[in-house]
Amino acid sequence: MQDQPALLERFGRHFPTDALLFREGDLGREMYLIQSGRVQISRFIQGRTSVLADLGPGDFFGEMALLNHRPRSATAMAMEPTIALVLDADTFKAMITSNAEIALRLLEKLAHRLEMANTQIELLLVQDANHRVVYTLRKMAELTGKPQGAGILIPTSVPELAGRLGLDEDQVRTSILRLQEARLVRATANGFLIPEVGKLHEYLDFLDIRRRNEQE
Ligand code: CMP
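Residues numbered from 1 in each chain as written. Predicted model: local features only at pLDDT ≥ 70, side-chain atom pairs only at ≥ 80, totals over all residues. Heavy atoms only, no water.

Draft legend 1. Spotlight on the overall build of the protein chain. Summing up its helical and strand segments, the protein chain has eight helices and 12 strands in all. In terms of its C-alpha atoms, the protein chain occupies a principal-axis envelope of roughly 60 × 40 × 30 Å. Of all 216 residues assigned to the protein chain, the portion counted as buried reaches 40%. A separation of at least 24 residues holds for 70% of the contacts in the protein chain among residues at least 6 apart in sequence. (Helix = DSSP H or I, 4+ residues; strand = E, 2+ residues; numbered from the N terminus. Buried < 20%, exposed > 50% of the residue type's maximum accessible area, 1.4 Å probe, protein only. Contact = heavy atoms within 4.5 Å.)

Structural data, given as structure tokens:
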């Protein structure tokens, strides 16, 4: 495999903020490896955009159409100026078959994606909006949170959470305000800080018990 500057020279492409890389349903002949920037993967479900993933440097996407020979399963949009290696099917397959390390990294990322998808399925079984927000923050803290100062930082926002959860922004805002009042969450410029993830677990248990009591 060629070195990084040669790969960038040959396969690198720049995408400005808001560039649509492809749309759900398009034919797909290339996959993308993000070098810098951010790309959002979303689907349009029942009249609203639902965010499946927010990807950054080291992440890849667009491989499914190449492997499944199916149209694009989701839409990809650059959320900030982004540089990605854009590989056609033959180059992608040659890369995997010639380099076990790359193949292993691909499997690790796919396993992580499956874990996130399983989380989404669990989430769909949770009906109440407040419950969904708390559940998602807890999962995000555990899976993608970054230790920072006095807690775990989840780099997300109210609009992103609303898109991810299929809720209105107002519903998410109300939930977050409630969590802030209970000092379970702190809003920061870079996302939400969770001082103690364990306390979110306790709060979820409390919501579960309350819901069960209401059902009885
Ligand atoms: P493809 O179907 O070619 O185009 C859309 C891409 O979005 C898909 O390949 C995957 O790379 C990516 N993708 C689809 N679903 C998810 C998901 N749940 N999480 C992260 N990425 C996804």
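Draft legend 2. Highlighting the site of the ligand. Around the ligand sit 13 residues, and of these Gly62, Glu63, Ala65, Arg72 and Ser73 come closest. Contact distances for the ligand include 2.8 Å between an oxygen atom and a backbone N or O atom of Gly62. Take Met64: an N or O atom from its main chain is 3.4 Å from an oxygen atom of the ligand. A total of 460 Å² of accessible area belongs to the ligand in isolation, and the protein chains cover 89% of it. Looking at the shell around the ligand, the elements with two or more residues in it are β5 (48–55) and α2 (63–68). (Near = heavy atom within 4 Å. Polar contact = N/O pair within 3.5 Å; in protein donor to acceptor, adjacent residues only side chain to side chain. Areas by Shrake-Rupley, 256 points an atom, 1.4 Å probe, with all protein chains shown as cover.)

Draft legend 3. Just the pattern of salt bridges, in detail. A full pass over the atoms with the stated rule returns eight salt bridges. A salt bridge links Arg38 to Asp54; its shortest N-O distance comes to 3.9 Å. Here Asp54 lies in strand β5 and Arg38 lies in the loop between β3 (30–36) and β4 (39–45), a separation of 16 residues in the sequence. Among the residues examined, Arg38 registers a relative accessible area of 31% and is labelled partly exposed. Relative accessible area serves as the criterion here: at 23%, Asp54 is assigned to the partly exposed category. Arg173 serves as the salt-bridge partner of Asp170, at 3.1 Å between the closest nitrogen and oxygen. Residue Asp170 and its partner Arg173 are located together in helix α7 (residues 169–181), separated by three residues, close to a single helical turn. Asp170 sits in the exposed class, given a relative accessible area of 54%. (Salt bridge = Lys/Arg side-chain N within 4 Å of Asp/Glu carboxyl O.)

Draft legend 4. Structural detail: the sheet that holds strand β12 (residues 191–194). Here four strands make up an open sheet; going across it, the order is β9-β10-β12-β11 and the pairing antiparallel. Unpaired on one side and paired on the other, β9 (146–148) and β11 (186–188) mark the two borders of the sheet. Adjacent strand axes in the sheet meet at a mean angle of 35 degrees, parallel and antiparallel pairs treated alike. (Pairing = 2+ DSSP bridges. Axes fitted to C-alpha atoms, helices over the stretch in contact; angles between N-to-C directions.)

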